[in-house]
Amino acid sequence: LTVSQTRYADGTVAPPSSPDPTIYRKGLQLYIRDTLGVEHPVAVGADGLGVVSLTVAQSPYDVLPTDRVLLVDTTDGPVTAKLPADGGPFLGRSLTVIDAKRKFGTNAATLDGNGKNIGAAGTLVLSTDDASSTVYWADPTWEVSAGAG
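Residues numbered from 1 in each chain as written. Predicted model: local features only at pLDDT ≥ 70, side-chain atom pairs only at ≥ 80, totals over all residues. Heavy atoms only, no water.

1. Quick notes on empty space enclosed by the protein
A water-sized probe, rolled over the atoms, reveals where empty space remains. Under the defined criterion, the tally for this structure stands at one cavity of 30 Å³ or more. A volume near 50 Å³ is recorded for the largest cavity. The wall of the largest cavity is formed by L54, V72, V79, T80, A81, V97, A109, T110, L111 and L126. Breaking the lining of the largest cavity down by element, the ones donating at least two residues are β7 (79–82) and β9 (109–112). For the lining of the largest cavity, the class distribution of residues is eight nonpolar, two polar and no charged. (1 Å grid on protein atoms, 1.4 Å probe; cavity = no way out; pocket = protein on both sides within 12 Å on 5 of 7 lines; lining within 4 Å. Points joined across faces, edges and corners; volume = space filled by probe spheres on them. Helix = DSSP H or I, 4+ residues; strand = E, 2+ residues; numbered from the N terminus. Nonpolar A, V, L, I, M, F, W, Y, C, P; charged D, E, K, R; others polar.)

2. A look at the nonpolar core
Core analysis: the biggest nonpolar cluster contains 22 residues, and L54, V63, L70, V72, L83, L111 and V135 have the highest contact counts within it. Secondary-structure elements contributing two or more residues to this core are β4 (51–54), β6 (69–72), β7, β8 (94–99), β9, β10 (123–126) and β11 (132–138). (Core = buried A, V, L, I, M, F, W, Y, C linked by side-chain atoms within 4.5 Å. Buried < 20%, exposed > 50% of the residue type's maximum accessible area, 1.4 Å probe, protein only.)

3. Topic: the pairing of β11
Burial runs high along β11: five of the seven residues are buried. Across five bridges, the pairing between β8 and β11 is antiparallel. When the bridges of β11 are listed, L95 appears paired with V135. (Pairing = 2+ DSSP bridges.)

4. A closer look at the side chain of T134
Tracing the sequence through the fold places T134 in strand β11. When its relative accessible area of 7% is taken as the criterion, T134 is described as buried. Only 3.0 Å separates the side chain of T134 from the side chain of T96, close enough to count as a polar contact. Beyond its immediate sequence surroundings of up to four residues, T134 is in contact with H40, S94, L95, T96, E143, V144, S145 and A146. (Polar contact = N/O pair within 3.5 Å; in protein donor to acceptor, adjacent residues only side chain to side chain. Contact = heavy atoms within 4.5 Å.)

5. Things to note about the confidence of the model for the chain
Confidence along the chain averages 78 in pLDDT terms, with 70% of residues attaining 70 or more. When mean pLDDT is taken per element in the chain, β7 scores highest with 96 and strand β1 (residues 22–26) scores lowest with 66. (pLDDT = per-residue confidence, 0-100.)

6. Quick notes on the packing of aromatic side chains
Counting across every chain of the model gives two aromatic pairs. Taking 5.6 Å as the distance between ring centres and 55° as the angle between the ring planes, the aromatic pair formed by F90 and W142 counts as tilted. Taken together, the residues span a long stretch of sequence, with F90 in the loop between β7 and β8 and W142 in strand β12 (residues 141–147) at a distance of 52 residues. W142 carries the same exposure label as F90, and that label is buried. Residue classification places W142 among the buried residues on the basis of a relative accessible area of 0%. Counting every residue linked through ring pairs, the aromatic cluster contains F90, W137 and W142. (Phe/Tyr/Trp six-rings, centres within 6.5 Å; stacked < 30°, edge-to-face > 60°.)

7. Observations regarding the environment of T74
Checked against the element boundaries, T74 lands in the loop between β6 and β7. Distance from T74 to N107, taken between C-alpha atoms, is 5.5 Å for residues 33 residues apart in sequence. Ignoring anything within four residues of it in the chain, the contact list for T74 reads V79, K103, F104, N107, A108 and A109. A polar side-chain atom of T74 sits 3.1 Å from the main-chain carbonyl oxygen of K103.

Structure representation (structure tokens):
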């Protein structure tokens, strides 16, 4: 197990100009900037969890109450993440899914509502390269607050 800590001397670190997905800090808040330039705030739990990397090897993945951001790599095949059926842990907060390797156009990432709708459908399929989406629980359904399928 390797643990590292990053410190910043100043209060703000501007996002890099690279088109690659990047994690950076502004003030005390961490952000992920996706390949479309959209900033997603990262809220990492006190236990250090929150940002999860997924590949086809973990699919289907059961989203945990501590998850905040899913960095999905579909290079080797489609990936499915199952949302909690009761949604309760996500009431008042969101889950963001990001195309970590720009491959959603080749192999889609699917959010499964686990018996509940996401908007008007049982699943949300992300099938465009560089896509990202943010969902939240709006009892009794999941809603999309940002991004698209």
